[in-house]
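Listed here are the chains, written in short residue letters.
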Amino acid sequence: MARISVTISNVEQTFPLTEKGITIGRQLDNDIVLNHAIVSRHHARIEQRGRESWVRDLDSRNGIFVNRLRVREEHLRDGDVVTIGPFELRFDERAAQNVVFDDSRYFPLAAEAQPVQAAEQAIESTISLKEIFQLSLRLNQIVDFHELLDTVVEEALRMVPAQRGLLLLRKDAELVPMVINPPGQGDVAISSTIVRKALEAGEAVLTRDARLDFAGSESIISANIRSAICVPLMIQNRAIGIMMIDSPGSDQFKDRDRDLMATLASQAAVAIERARLTEEVRRQSQVRQNLERFLSPNVAQALARYVLQHGKLWAAEEQMVSILFADIKGFTALSEQLAPHEVQDLLNEYLHEMTEVIFTYNGTVDKYIGDGIMAIFGAPRLPDEPISDTHAVNAVQAGLGMQTAQQRLLQKLDMHKHFNIRIGINTGIAYTGFFGTRHRLEYTAIGDTVNIASRLESAAEPGTVFIGETTRQMIGEAFIVQEIGSLQLKGKEQRVRTFKVIGHRQT
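Residues numbered from 1 in each chain as written. Predicted model: local features only at pLDDT ≥ 70, side-chain atom pairs only at ≥ 80, totals over all residues. Heavy atoms only, no water.

J.: How would you summarise helix α11 (residues 448-459) if you had to cite specific residues and measurements?
T.: Side chains of residues three or four places apart in an α-helix project in the same direction, reflecting 3.6 residues per turn. In a regular helix each residue adds 1.5 Å, so 12 residues correspond to 16 Å; α11 covers 16 Å between its end C-alpha atoms and thus fits that length. Listing the buried residues of α11 in full gives Thr449, Val450, Ile452, Ala453, Ser454, Leu456 and Glu457. (Helix = DSSP H or I, 4+ residues; strand = E, 2+ residues; numbered from the N terminus. Expected span 1.5 Å × (residues − 1). Buried < 20%, exposed > 50% of the residue type's maximum accessible area, 1.4 Å probe, protein only.)

Structure representation (structure tokens):
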């Protein structure tokens, strides 16, 4: 059902994934030998688990990455890139055998074609509406995409007995073989003429006459002549692929067989497109739910679309961002006065209110640190998204908004639960990126910019927002600020010029 492609010594090689699996490593007894110092002797294994393909780290020294995310093991999907050392291995979901479009190996016979719609009408006299409905019902009850494709070909061979059945789907400009039944060894040759005619004209093509003048010996011609039925899988006058059955010799199929295949193709195309869309929606929902844990919903939705379109996240990068730290002053002492469940309820409500404010100003929640919060403004940013310099203003607006939200929260609490928060914000270059797996992603920023923001928060007075000098420059005259002076922050040799935000400037 799949294959792995990798470039070794400037030569691209492909390896079919079979039930035996594929071992990868530096030692010569591996199926894929990657001769590099940072590749372990037995580094990883790709294996089939039912209908799914998984990659697993074999306790390697330097690990494996799927779409730039480090994993111990991961379910592979079409287009995923597994990185091992300097090598990139691409996973393609397709039949293990390759299909070659070659008329010299598969002689095109004189063919009769009929539009798919006309074939469907013709078959109504020989197959009942009840049978058509039951066929549609069977196909639409199948949830798994690959199980559906297998079933379509099995149904084709049941309805029209043939030696072989194939199903190919469009992927960009390529027709990718997804099912070859029964599977075999080596390439499978089919006629490019037959396939092209089915696709371009949207016709069910039946080959039935071998009386054509070919060059070459009659014995070679006779050995390669096959009867075939090729039908396009049509959705709204667009072919998403083809289904084909064939057998050795000429005149093996009749008009009725062609019409039966056209009826099946019509039902199959709808079911396949439905399964494709269902899987895409499911994956997008899964990715978006993962991202929405720390991103505002609109940013999470945009990122989810990008991940599904490109199949991976972009690499970590240095960029200008604003970092916000906030925490509760004296939270430990407050916790000692409350029951454990009261502490949990208070903290959950506080973090919820603060997160909502951060999302309002397009911030990213990097992490919760007990009663503390770290947030990033200005990242993540899609690769094609223009650079914006509003992140400092957004961060300061969020800081003031968090103070306001905290005061609203106090109005609902008993006096013995009251607390103050302090906030520090700093702007500068940080190294930002995604880390984790597709099932648990974390987006973070590291660098001196982050450290200074944390120190500003520690130095801030309860109920205030302290900002660094670069943040002060980038916010312009949007806020009223008061210079505190140059503070000697913990862990910093040089003093840091610090400002306190008083509030918004009235316009």
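J.: Give a detailed account of the sheet that holds strand β1 (residues 2-8), specifying residues and quantitative values.
T.: Whether parallel or antiparallel, the strands of a sheet pair through hydrogen bonds between backbone atoms. Strand order in this open sheet of 6 strands is β2-β1-β11-β10-β7-β8, and the pairing throughout is antiparallel. Two strands close off the open sheet at either side, each with one partner strand: β2 (11-17) and β8 (69-71). The sheet shows a mean angle of 30° between the axes of neighbouring strands, direction not considered. Bridging between β1 and strand β11 (residues 87-93) involves 5 bridges; their strand directions are antiparallel. (Pairing = 2+ DSSP bridges. Axes fitted to C-alpha atoms, helices over the stretch in contact; angles between N-to-C directions.)

J.: Give me the pairing of strand β18 (residues 226-235): which residues, what numbers.
T.: Most of β18 sits out of view: 9 of its 10 residues are buried. Inspection of the sheet shows β18 paired to strand β19 (residues 238-248) by 10 bridges, in the antiparallel sense. Pairing of proline 232 across the sheet is with isoleucine 242, part of β19.

J.: Break down the packing of aromatic side chains for me, with residues and values.
T.: In the structure shown here, the tally under the stated rule is 1 aromatic pair. Ring plane angle 85° and centroid distance 5.6 Å describe the contact between tyrosine 350 and phenylalanine 419, whose orientation is recorded as edge-to-face. With tyrosine 350 in helix α9 (residues 340-360) and phenylalanine 419 in the loop between α10 (391-411) and β23 (420-437), this pair connects stretches of sequence that are 69 residues apart. (Phe/Tyr/Trp six-rings, centres within 6.5 Å; stacked < 30°, edge-to-face > 60°.)

J.: Run through helix α4 (residues 192-201), naming residues and quoting values.
T.: Looking at α4, one finds that the buried residues are Ile194, Val195, Ala198 and Leu199. Buried residues in α4, looked at end-on, bunch into an arc of 120°, giving them a common side. Just downstream of α4 lies glycine 202, where phi reads positive at about 65°. (Arc of directions from axis to C-beta.)

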